[in-house]
Amino acid sequence: MQIKFSEYNTPAELSDIERKLIRKSQEIISSSYSPYSNFRVGAAVLLENGKIITGTNQENAAFPSGLCAERVALFYANSQYPTTAVKAIAISASGKNRDFTSQPISPCGSCRQVILEAQNRFKQNIKILLYGKEKIIVLENSQDLLPFAFTEIS
Ligand code: THU
């Protein structure tokens, strides 16, 4: 199995919609509720109908009760538009200095599982855009983030 991804230096190298999706993931980041980690994450989900749904990480004093930005955005998108395929998700993050991370951040294992389920559910590849100031990584197929994934109970 080969994992396919592309690397870019700036958003200028991407398409208009890819740039827009990254920008949306950055704009929403100020609504992150992350007083415990001080690590803010923004996610923007592009739907088949052209709508963009955004989300941020939401933390809790009982740590495991919080949720990552990716799942906040995806679960909300799938709740509002349960029959609409997800086409892409962009993710940006900023640390204590409030500046975007130099390197892209990559979804945690649980978020990968959820992104892949959305891809399988609507039978349409989900493109993943991971933003960093010095590098942007793009994966055309979310399967590449979770090889040998668990997919069904038989
Ligand atoms: N986090 C995300 O929201 N997405 C990721 O891809 C990685 C981590 C959040 C969880 C927690 O609120 C904070 O970042 C630090 O781990």
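The residue count restarts for each chain, going from 1 along the sequence in the order it is written. This being a predicted model, a pLDDT of at least 70 is required before a residue's local features are given, and a value of 80 or more before pairs of side-chain atoms are given or counted; all residues contribute to the totals for chains, interfaces and linings. The side-chain figures draw on all heavy atoms in the structure; neither hydrogens nor water molecules are used.

Re helix α2 (residues 69–80)
Compared with an ideal rise of 1.5 Å per residue, which puts 12 residues at 16 Å, α2 spans 17 Å between its outermost C-alpha atoms and is within 8% of the ideal. Within α2 the residues assigned to the buried category are A69, E70, R71, A73, L74, A77 and N78. Whether two residues touch is decided by their heavy atoms; if any such pair falls within 4.5 Å, the residues are in contact. Strands are runs of DSSP state E lasting at least two residues, helices are runs of H or I lasting at least four, and both sets are numbered from the N terminus onward. Buried residues along α2 sit against β2 (40–47), β3 (52–56), β4 (86–94) and α3 (109–122). A helix is expected to reach a length of 1.5 Å times the quantity of its residues less one. Relative accessibility under 20% of the residue-type maximum defines a buried residue, over 50% an exposed one, and the middle range a partly exposed one, all with a 1.4 Å probe and only protein chains included.

Notes on the sheet that holds strand β6 (residues 136–139)
In spatial order, the strands read β1-β6-β5-β4-β2-β3; together these 6 strands make up an open sheet with mixed pairing. Lying at the two open borders of the sheet, with one neighbouring strand each, are β1 (6–8) and β3. On average, adjacent strands in this sheet sit at an angle of 15° to one another, irrespective of strand direction. Judged from the 4 bridges that link them, strand β5 (residues 127–131) and β6 form a sheet pairing that is antiparallel. Bridge pairing links L130 to I137 in β6. A fitted line through C-alpha atoms serves as each axis, taken over the contacting stretch for helices, and the angle formed by two N-to-C directions is quoted from 0 to 180°. The sheet strands contacting helix α1 (residues 16–27) are β2, β3, β4, β5 and β6, and the helix crosses β4 at an angle near 45°. Strands are treated as partners if at least two bridges between them are detected by DSSP.

With respect to the packing of α2 against α3
Close contact between α2 and α3 brings their axes to 9 Å; oriented N to C, the two are set at 25°. With respect to each other, α2 and α3 are oriented roughly parallel. Judged by the twist between their axes, the crossing of α2 over α3 is left-handed. Between α2, through E70, R71, L74, F75 and N78, and α3, the contact on the second element is made entirely by S110, C111, V114, I115, A118, R121 and F122. By definition in this entry, angles of less than 35 degrees are roughly parallel, angles greater than 145 are roughly antiparallel, angles of 65 to 115 are roughly perpendicular, and the rest are oblique. What makes a crossing left-handed is the near helix being turned counterclockwise from the far one by less than a right angle; a clockwise turn instead makes it right-handed.

Any link to function would need more than the numbers given here.
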